[in-house]
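Each chain is listed here by its residues.
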Amino acid sequence: MSDEGDDLRELYQELILDHGRHPRNFHASPDAQREAVGHNPLCGDKLVLYLTVGEDGHIVDASFQGEGCAISVASASMMTEMLKGKTAAQAKALWTYFEGLCKGSAGDDDAILASLDEDDASRLQALAGVRHYPVRVKCAMLAWRTLESALDPAVAKKVGAE
Amino acid sequence: MVGLDAKKDFPVFDQRIHGHPLVYLDSGASAQKPRCVLDAMTRFYETDYANIHRGVHELSQRATAHYDEGRRAVQRFLNAAHEDEIVFTSGATDAINLVAASWGRTFLKAGDEIVLTQLEHHANIVPWQLLQEQIGFTIRVAPIQSNGEVLLADVTALFNEKTKLVSVTHVSNALGTILPVEKIIAAAHAKNIPVLIDGSQAVSHGSVDVQKMDADFYVFSGHKIYGPTGIGALYGKRAILKTMPPYQGGGDMIESVTFEKTTYQEPPMRFEAGTPPIAEVVGLAAALDYVAGIGMEKIAAHEADLLAYGTEKLAALDGVRLVGTAPHKASILSFVVEGVHPHDVGTILDQQGIAIRAGHHCAQPAMEALGLMATVRVSLGLYNTRGDIDALVDGLKKVREIFS
């Protein structure tokens, strides 16, 4: 079945496998101002996201820790790379675009696409093979849902050492 | 080799999944249904359906006869001494919640202890925790060995004068370990402690005899033994059920109702409030009839052969590590693939028509004890064949290829 092979190759392309095996920014950041925990109750996967936000509102640093499948780890790894230097609004645009990609409806909103960095957009497209696997969209979205909490001042508070 | 050839009895296999024949290795989550179960339910709805225990009319009498016969089918299946020891529930989870809410709330007090094992499914943990929050007893947990075994001595070591209940699984859903339930029950009874056995994963793999085992409670779900969803049973010794107050109130469970005083039916009706899943009871009876027709011994021998074959084939694969290698196991194979998360394994196998479970299998404490977040679980049923294991092995080679 060549179609299925192609879909699997699209999902598990080299970039994803590389980020899955060697996640970037994969460490705790005890000094981060924002910290949020994401759970995927379906599989028990857990992810902790750390954000350091500068006085001007830009994300200075982003890192994560946790355990998950290649898709969720790669998604988190690539997300933390993209977040550096972004404002909360820019981060929101990334995740809105990515959510659209995962649900197969992206590209509809040209305004959002136009606001994105070209390189970010193409990297998010690499993750979008997940749209053929509806149950795996949750894996790809885990880091981004956690980002939503981390950016929401009502949800994420600076958490001290436990 | 024994070799059952039962796929032809199951309509679900008359299709291709992603272009491949269906290799269904997820019977531990829920088993597929033979045509005779589907036919029995359809026939019942088409000809004999009405509510039970109510009408004087013909259809209600026929439906009631079906329902009562279903109870006798479960009685025979578990070899219970009396028909009224079988309470229909929506499944094993509901049955454990019934025991916790009725027996537990009546007989457990602050300062008491109950004993579980680390292998339990969440359904045999959380109902007790919910009750614990209200009453304040202590839950003690027998540990598992690194091979997934639970040692009798580790369970009995927790028994003391405060122990009021032992509630353990017969077969681990995550690892396939068969627990020494008869010995656990004998040891508990020597100290007058009643025992609940969660038979969810056991009933489809071999014959169960609640009298020989001497269980006080035994629970199972119909859908895991080729029956419909939404139906299961609680077996309880007659003398114990009689001491238990109702679990839920409603129709069918009462003797008489006034606003001054309502009196309740005797068990099992006392615990079956509301219109029950009648067609599901018919389907369950048909499923139990189906497995009895093949013979539980024959099914057990067939699955033992598959388990041995699968264990050997998986152990020979590079980068595959079996999790749960207790000497006594039902036909469940849990494993991890080096460097590949079980969810990724599941997606790649699915594209080849192979259905497995990936995750913590609703047994997070067991996974944690083994230092794992998740495994791939293959759970075999009577319709599986050695060819299915071969397909799995080929599928796993593809996983390794993609992640190489």
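Structure report, in brief. (Residues numbered from 1 in each chain as written. Chains lettered and ligands numbered in written order. Predicted model: local features only at pLDDT ≥ 70, side-chain atom pairs only at ≥ 80, totals over all residues. Heavy atoms only, no water.)

### Brief notes about the overall build of chain B
Working step 1: From N to C terminus, chain B includes 13 helices and 17 strands.
Working step 2: Across its three principal axes, chain B shows a C-alpha extent of roughly 75 × 55 × 35 Å.
Working step 3: In chain B, the share of contacts with a sequence separation of at least 24, taken over all contacts with a separation of at least 6, comes to 70%.
Working step 4: For chain B, the exposed area adds up to about 15,800 Å²; of that, 51% sits on carbon and sulfur atoms.
Working step 5: Taking the average place of the 35 positive charges on the side chains of chain B and the average place of its 46 negative ones, the gap between the two points comes to 2 Å. (Helix = DSSP H or I, 4+ residues; strand = E, 2+ residues; numbered from the N terminus. Contact = heavy atoms within 4.5 Å. Areas by Shrake-Rupley, 256 points an atom, 1.4 Å probe, with all protein chains shown as cover. Lys, Arg positive; Asp, Glu negative; His and termini not counted. Charge placed at Lys NZ, Arg CZ, Asp CG, Glu CD.)

### What to know about the sheet that holds strand 13 (residues 320-323) of chain B
Residue and element names in this part refer to chain B.
Working step 1: Pairing is antiparallel across the open sheet formed by 4 strands, whose spatial order is 13-14-17-16. Each edge of the open sheet is held by one strand with a lone partner, namely strand 13 and strand 16 (357-359). Neighbouring strand axes in the sheet, compared pairwise and without regard to direction, differ in orientation by 30° on average.
Working step 2: Against the sheet, helix 10 (residues 296-315) engages strand 13 and strand 14 (332-337), with an angle of about 10° to strand 14. (Pairing = 2+ DSSP bridges. Axes fitted to C-alpha atoms, helices over the stretch in contact; angles between N-to-C directions.)

### Some thoughts on helix 3 (residues 70-83) of chain A
Residues and elements named next belong to chain A.
Working step 1: An ideal rise of 1.5 Å per residue puts 20 Å on 14 residues; helix 3 measures up with 20 Å between its terminal C-alpha atoms.
Working step 2: Counting buried residues in helix 3 gives 13 out of 14 residues, a clear majority hidden from the surface.
Working step 3: Just downstream of helix 3, Gly85 is the residue with a positive phi angle, here 90°. (Expected span 1.5 Å × (residues − 1). Buried < 20%, exposed > 50% of the residue type's maximum accessible area, 1.4 Å probe, protein only.)

### Digging into the side chain of Asn147 of chain B
Working step 1: Mapping Asn147 of chain B onto the fold places it in the loop between strand 6 (138-142) and helix 5 (152-156).
Working step 2: With sequence-adjacent residues up to four places away left out, Asn147 of chain B is seen in contact with Gly324, Thr325, Ala326 and Pro327 of chain B.

### Description of the sheet that holds strand 3 (residues 59-67) of chain A
All names here are of chain A.
Working step 1: Read from one edge of the open sheet, 3 strands run 1-2-3, paired in antiparallel fashion. Either end of the sheet is taken by a strand with one partner, and the two such strands are strand 1 (34-40) and strand 3. The average undirected angle you get between the axes of adjacent strands in this sheet is 15°.
Working step 2: Here strand 2 (residues 45-53) runs beside strand 3; their pairing, made up of 8 bridges, is antiparallel. Bridge pairing links Lys46 to Glu67 in strand 3.
Working step 3: Against the sheet, helix 7 (residues 134-151) touches strand 1, strand 2 and strand 3, its axis set at about 150° to strand 1.

### Details of the interface of chain A and chain B
Working step 1: On the chain B side, the residues contacting the 22 residues of chain A number 19 residues.
Working step 2: For the pair chain A and chain B, the two sides together bury roughly 1,800 Å², of which 56% comes from carbon and sulfur.
Working step 3: For the pair chain A and chain B, the interface holds 2 salt bridges.
Working step 4: Between Glu401 of chain B and Arg9 of chain A there is a salt bridge, and its shortest N-O distance comes to 3.8 Å. (Buried area = accessible area lost by both parts, 1.4 Å probe. Salt bridge = Lys/Arg side-chain N within 4 Å of Asp/Glu carboxyl O.)

### A word on the pairing of strand 4 (residues 86-89) of chain B
Looking down a regular strand, the side chains alternate between one sheet face and the other.
All names here are of chain B.
Working step 1: Burial of strand 4 is two-sided: the residues Ile86 and Phe88 facing one way and the residues Val87 and Thr89 facing the other way are all buried.
Working step 2: The pairing of strand 4 with strand 10 (residues 232-236) spans 4 bridges and is antiparallel. Looking across to strand 10, one finds that Thr89 is bridged to Gly232.

### Looking at the packing of aromatic side chains
All names here are of chain B.
Working step 1: Applying the stated criterion to the full structure yields 17 aromatic pairs over all chains.
Working step 2: For the pair Phe44 and Tyr45, a centre-to-centre distance of 6.0 Å together with 45° between the ring planes defines the contact as tilted.
Working step 3: Given the relative accessible area of 1%, Phe44 is considered buried.
Working step 4: Clustering of aromatic rings is evident, with ring pairs tying together Phe10, Phe13, Tyr24, Tyr226, Tyr290 and Tyr383. (Phe/Tyr/Trp six-rings, centres within 6.5 Å; stacked < 30°, edge-to-face > 60°.)

### Details of empty space enclosed by the protein
In this approach, a probe sized like a water molecule rolls over the atoms, and the result shows the empty space that is left.
Working step 1: Here the structure, examined in full by the defined rule, presents 2 cavities of 30 Å³ or more.
Working step 2: By volume, the largest cavity amounts to about 50 Å³.
Working step 3: Taken together, Asp45, Lys46, Leu47, Phe64, Gln65, Gly66, Glu67, Gly68, Ser72, Val73, Ala76 and Leu142 of chain A make up the full set of residues lining the largest cavity.
Working step 4: Ranked by residue count, the leading element in the lining of the largest cavity is strand 3 of chain A, at 4 residues.
Working step 5: Across the lining of the largest cavity, the residue classes break down as 5 nonpolar, 4 polar and 3 charged.
Working step 6: What the second largest cavity holds in volume is close to 40 Å³.
Working step 7: Along the walls of the second largest cavity sit Ser27, Gly28, Ser204, His205, Lys224, Tyr226, Leu380 and Gly381 of chain B, which together make up its complete lining.
Working step 8: Looking at the lining of the second largest cavity residue by residue, the class counts come to 2 nonpolar, 5 polar and 1 charged.
Working step 9: Taken domain by domain, the lining of the second largest cavity gets at least three of its residues from each of domain 1 (7-33 + 295-402) and domain 2 (37-293) of chain B. (1 Å grid on protein atoms, 1.4 Å probe; cavity = no way out; pocket = protein on both sides within 12 Å on 5 of 7 lines; lining within 4 Å. Points joined across faces, edges and corners; volume = space filled by probe spheres on them. Nonpolar A, V, L, I, M, F, W, Y, C, P; charged D, E, K, R; others polar. Domains from an automatic or database assignment.)

### Regarding the side chain of Ser331 of chain B
All names here are of chain B.
Working step 1: Position of Ser331 relative to the elements: it lies in the loop between strand 13 and strand 14.
Working step 2: In this structure Ser331 comes out as buried when scored by relative accessible area, which is 3%.
Working step 3: Of note is the side chain of Ser331, whose polar atom sits 3.1 Å from the side chain of Glu303. (Polar contact = N/O pair within 3.5 Å; in protein donor to acceptor, adjacent residues only side chain to side chain.)

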